[in-house]
Each structure stands twice: as C-alpha cells, then as structure tokens.
Amino acid sequence: YIANKLIEILPDGTHGTKEVPVPADRQDIPVLSDTELAELARFGSVAESHYEVPQDIEWSIVGDTVYILQSRPITTIGGTKSIMAKGDVLGSVLIEGQGASPGIATGKVVIIRTMKDAAQVREGDILVAKMTNPDMVPAMRKVAAIITDEGGMTCHAAIVSRELGTPAVVGTKKATKTLKQGQVVTVDGEKGLVFEGAVVKESDTAPQRVPVAAAPLITATSIKVNVSLPEAAARAAATGADGVGLLRIEHLILGMNKTPGWFIKNGLEKEFIDELYTGIKTVLDAFPGKPVWVRTLDAPTDEFRNMEGGEDEPEEHNPMLGWRGIRRDIRSPEQFRLQIEVFKRLWKDGYDNLGLMFPLVSHPDEFIIAREMIRSWGVDIQNTTLGIMIEIPSSAIMIEDFCRAGISFASFGTNDLIQYTLAIDRNNQNIMEMYNPRHPAVLKLIDDAIAVCRKYDVECSICGQAGSDPSMVEWLIEHGISSVSANIDAVGKIRETAARTEKRMILDFARIHNA
C-alpha cells in the first residue's frame, strides 16, 4: 500500500523546516527503495527479537546509512478490542487505508480541516483529518477512532493512536472528501477499513460463555506498572498492579509543546502547574492507596529544542550524556520549583501516596542538594517519600552512601544502566547484539545494590525494560529485589513469574531444611 503524499517537509536553513507541495509525478511513488525497506525490516526483526515484544521504532536515513533513533515497546496490542474475523462483518466498506492502531470503534465523523475545527470534537467522535499534528493531541484524546488521508505506520496519527490505545486508519487518500460531517461510521484499526454505519458482527448474536475468574495471585514481591500517559492510567490499574513504579512526567510536558522555560518567561506558570497537576492526578486517582512514584523531569535537550521556547536549548553532541535529569533541575531552580509546586498541591489535596524519584543521579550530594531545595520551598521532607533512579554505575557503587543520606527507595533504570556500564549506545544498530542486561558487570552492580538496600531496609525496585522480562525478573527475585515495575502489557506475566519463583524458593528452602 502506497499512500498519496501532497506535501513534504524540507530543511529551511536557520529557520528549521518548511512544507512544500509534492509534484504530481512523485505523489504516488514509494519514498523508500526496496533496499531501504529490507534494511528497516531487518532492524525491526532484530529489535523485536532482542526485547521479546513488538517495538515502535523511530529511524532516519542519511545517505546510505540507516540510523535507529529509538525503540520502545508497543503496549496496546494485548489490550485492544477483539478484531472482526473475515465474513463476520455486516456492512459496506466506505474507504480503506492502513490499519495503524488495532481495535474497533463506532461514532460520528468530525472532519478537522483547521485547528478551529478541533473545538467541535466530543467524546466518542471519529476524528477525520488530512493529517494530525501535535496541536491536535487534546482532541485525539477524546475520540473513539482516528482516520487520516495521508501518512503511514510511523506518522504522527499512527504513533499517538497506539500510545492512546485508539483505533486508527491512516493513508486513506480520500477520507476528508468521502466521509460527511456527522456521518456514523465504524473503524477497524486492525484491517484498515472504515464501514458505513454501526457495523454488527455475526458473533454478537451468538451465545456467550460465562467467564470463570481465577483467584488473584498474591506475591510478596510488589508488582507495579510503568505509566507514561494519563490516558493509560485506567488500563494500567486494570492489571491489578500494586502501584506505579514509574510515572514519566516528561511525556506530559512534551505534550504541552512548550518548554517549562517558555511558561516561566511568559508569566504563565499557573497554566503549566494546572496542566501537570491534572495529568498526575489522573494517575493517582486510578491507584488509590497504592504508591505512585513520579520521576522528575528527564527530557534531553534535543526533545525540548523542537518545542516553543526550545530555541535556547544548547546544542549537545550526545544529549543522553548531557544536560538532563536532576543535574539540570539543580542548575535550573525555576524549572525545578515549578514541578515541586505541582507536587505540593497534590500532597495538600491528600495524595500522600505520591513519591518523587530523581533521575540520572550520580552522587549523593545531588540527592541532598535536591532535597534541601525542596525543603526550602516548603515541603515537609521528613514525611515525603524521596528516592533515586540507579542509572549510572556510580550511583550503584555508592548506594550505601545514598542510603545513609536518607533515600526512601531506589529503582534500577536498566536501559541506561546497561549502556553506561558497557559503553554501548542502546540506539546503535552496529553493536545492538552487545547490549546485554545479563552482562556479569551489570548483574554485579544490581546484585550488590540490592544487598545494600536490604541491609538499610530501603525498598529496591526496577523500572527499566528488564523489569518486563520474566527470566530477568526471576533472577532479580532470587537475589532479593523488593518490587518490580513492568510495562502495562507485561504486568500479568511478571506477576505469574514472581508467584512461581517465590513458591519454588519456599519449596527449595523446605526441602533443604527437611532433608
């Protein structure tokens, strides 16, 4: 399937980029060569095999070289609605495109031609547009499904839809012309089909078997969940997770499309605080009485640079090793204070299950400085849960000093810990096979840190991708980890792994001592 392309984005000197019309003779030809497609397919296969779950990959091509920029798990596949089988559909197909995000939804069409039209969108509508952009995200959050004229599996609409768990069909070429305002349609985001009316499935009339619910698994190891978007909070809570081991607020901030500095510069701090408060509160409300660890801002400068206010961001050769995490907050007190004002408001409103986790901490002094800054802004730190991410080898090696400094918990961010320990860029395809969570050096850092945390009665957890790998979690539990935080789609299997491992350990202990 080749989508019709009406515009292209080209460099515009010092002004960033510009949109220009695509000549008619290029609108319906492939953008990528067969060789490039084959190479991308190979990288996709390698990534999925490596992480053992389907991956959403960002990439670029410069000359003849393919660069993999980022790879993250697709967490919406397992939880989508059942897909119609062939022959089940009773309805006529209006248009077809690429199925970009699975699921089936019915609703009224709202065609968005300009941002002014977005105000028409209501909960449960079907958003139809030539193409979506970041400004449309608030409207995209409301709708039951999304349809676009342009785009493919890696376009904005496809990526955001998968994050939201919203069915989407992209690259239809003519949705904005064929569909009518207010028309009722059914979208099949798996097959890339749009049907007329509210489609009925034959299976809807078949007798339904009564499901038999299994008893919930109870584990001594807390099984928590990672959350990035407030929209995912309900799905995350439905897993039965024991709390949130990682809530990334940078996703909320990037969604505003303005840097924290922009809000400060324009005197709109309250707007920033209100937006962040609402997003975090949504997650807290989904986990009443359960711990929710919120990671303070950890956005690299290259992500901020594309936002309003990002023109002042420094150019860094390697943003992953640059001005980010707690090192940036300490040196940008106004940005740090804005975040703390949000947390203070949440604590005041009774959300005492909220804990703060500082990212990219390399020395206990950074934790102490951050804690004192928070104290100076009116936070009762004696009654506040404060912890750190163990992402840098130095923090694992100095974990005893962190415990003496008063951390409440520590959580392994294995994605970074592995690359920093082994000097391996986890986004570099040339050395991908060397990115090994079970490297002896990585395991020793983790094992030693767990032992120290147990000695000081400090909760020790993991929130990196390794926490969604059953074999790795089995090893972690055997070595005494207190909790594990997994991706939404992995919570079930990780809880099963924890239960099986704990029972085996008890049985082994009993056998040894009763022999």
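Quick summary incoming for the structure in this document. (Residues numbered from 1 in each chain as written. Predicted model: local features only at pLDDT ≥ 70, side-chain atom pairs only at ≥ 80, totals over all residues. Heavy atoms only, no water.)

Now for the sheet that holds strand β10 (residues 145-148). Pairing within the open sheet is mixed, and its eight strands lie in the order β6-β13-β12-β8-β9-β10-β11-β7. Unpaired on one side and paired on the other, β6 (93-96) and β7 (98-101) mark the two borders of the sheet. Strand-to-strand twist in this sheet, taken as the mean axis angle between neighbours without regard to direction, amounts to 30°. As defined by bridge partners, β6 adjoins strand β13 (residues 193-196) across three bridges and the pair is classed as antiparallel. Following the sheet pairing, glutamate 96 is matched in β13 by leucine 193. (Pairing = 2+ DSSP bridges. Helix = DSSP H or I, 4+ residues; strand = E, 2+ residues; numbered from the N terminus. Axes fitted to C-alpha atoms, helices over the stretch in contact; angles between N-to-C directions.)

A word on a nonpolar patch on the surface. Together, Val62, Tyr67 and Leu69 give the surface a local cluster of nonpolar side chains, amounting to about 280 Å² of exposed area. In this fold, valine 62 is placed in strand β3 (residues 55-62). In this structure valine 62 comes out as exposed when scored by relative accessible area, which is 52%. (Patch = residues over 30% accessible without salt bridge, like charges linked within 9 Å, V, L, I, M, F, W, Y side chains within 5 Å. Areas by Shrake-Rupley, 256 points an atom, 1.4 Å probe, with all protein chains shown as cover. Salt bridge = Lys/Arg side-chain N within 4 Å of Asp/Glu carboxyl O. Buried < 20%, exposed > 50% of the residue type's maximum accessible area, 1.4 Å probe, protein only.)

Where helix α8 (residues 269-286) meets helix α11 (residues 333-348), the axes come as close as 9 Å, and the angle between the chain directions of the two elements is 50°. The pairing of α8 with α11 is recorded here as oblique in orientation. Handedness of the crossing formed by α8 with α11: right-handed. Between α8, through Glu269, Phe272, Ile273, Asp274, Leu276, Tyr277, Ile280, Lys281 and Leu284, and α11, the contact on the second element is made entirely by Glu334, Arg337, Leu338, Glu341, Val342, Phe343, Arg345 and Leu346. (Parallel < 35°, antiparallel > 145°, perpendicular 65-115°, else oblique. Left-handed = near helix turned anticlockwise from the far one by under 90°. Contact = heavy atoms within 4.5 Å.)

Relative to the assigned elements, alanine 499 resides in helix α18 (residues 491-514). A residue is classified by how much of its surface remains accessible, and alanine 499, at 6% relative accessible area, is buried. Among residues more than four places away in sequence, those in contact with alanine 499 are Leu217 and Thr219.

Let us look at the packing of helix α17 (residues 470-478) against α18. As a packed pair, α17 and α18 sit with axes 9 Å apart at the nearest point and diverge in direction by 40°. Here α18 runs oblique to α17, going by the angle between their axes. In the packing of α17 onto α18, the handedness of the crossing is right-handed. Contacts between α17 and α18 involve Pro470, Val473, Glu474, Ile477 and Glu478 from the first element and Lys493, Ile494, Thr497, Ala498, Thr501, Glu502, Arg504 and Met505 from the second. Among the residues forming the contact of α17 with α18, the class breakdown is six nonpolar, two polar and five charged. (Nonpolar A, V, L, I, M, F, W, Y, C, P; charged D, E, K, R; others polar.)

Further remarks concern unusual backbone geometry. Phi is positive for lysine 173, which is not a glycine, with a value near 75°. Structurally, the position occupied by lysine 173 is in the loop between β11 (168-170) and α4 (175-178). Backbone geometry at alanine 423 places phi at a positive 55°, although glycine is not the residue there. Looking at where alanine 423 falls in the secondary structure, it is placed in the loop between α15 (414-422) and α16 (440-455).

What follows is about the pattern of salt bridges. Side-chain pairing between opposite charges can occur once the charged atoms of the two side chains come close. Following the criterion strictly, the structure yields 24 salt bridges and no others. Residue glutamate 250 is joined to arginine 295 by a salt bridge in which the shortest nitrogen-to-oxygen separation is 2.3 Å. With a gap of 45 residues between them, glutamate 250 in helix α6 (residues 250-256) and arginine 295 in strand β17 (residues 292-295) connect regions that are remote in the sequence. A single burial state applies to glutamate 250 and to arginine 295, both of which are buried. Residues aspartate 274 and lysine 270 are paired through a salt bridge, measuring 2.7 Å at the closest nitrogen-oxygen approach. With aspartate 274 and lysine 270 both in helix α8, this residue pair falls four residues apart, about one helical turn. The partly exposed category is assigned to aspartate 274, whose relative accessible area is 23%.

Turning our eyes to something else, we now look at the nonpolar core. Core analysis: the largest hydrophobic core is formed by 93 residues, its most contacted members being Ile280, Ile399 and Phe412. At eight residues, the largest contribution of residues to this core is made by α16. (Core = buried A, V, L, I, M, F, W, Y, C linked by side-chain atoms within 4.5 Å.)

To continue, consider the pairing of strand β12 (residues 184-188). Taken across its five residues, β12 has four buried, putting it largely inside the fold. Here strand β8 (residues 104-112) pairs with β12 via five bridges, running antiparallel. Counted as the bridge partner of threonine 106 is threonine 186 from β12. For β12 and β13, the ladder comprises four bridges, and the chain directions are antiparallel. Pairing of aspartate 188 across the sheet is with leucine 193, part of β13. Remark: four residues form the turn of the hairpin made by β12 and β13, two consecutive strands paired antiparallel; glycine 192 in that turn has positive phi of roughly 75°.

Time to look at the side chain of arginine 328. Tracing the backbone shows arginine 328 in helix α10 (residues 325-331). In this view, arginine 328 contacts Thr301, Phe304, Glu313, Trp323 and Gln335; residues no more than four positions away in its chain are not counted.

Any pair of aromatic rings gets described here by the distance separating the centres and the angle formed by the planes. Throughout the structure, instances matching the rule amount to seven aromatic pairs. Seen from their ring centres, phenylalanine 343 and tryptophan 347 are 6.3 Å apart, and the 55° between their planes marks the pair as tilted. Of this pair, phenylalanine 343 and tryptophan 347 both sit in helix α11, four residues apart, which is roughly one turn of that helix. Taken individually, phenylalanine 343 and tryptophan 347 each receive the classification buried, so the pair is uniform in this respect. Among the aromatic side chains, those forming a connected cluster through ring pairs are Phe336, Phe358, Phe367 and Trp377. (Phe/Tyr/Trp six-rings, centres within 6.5 Å; stacked < 30°, edge-to-face > 60°.)

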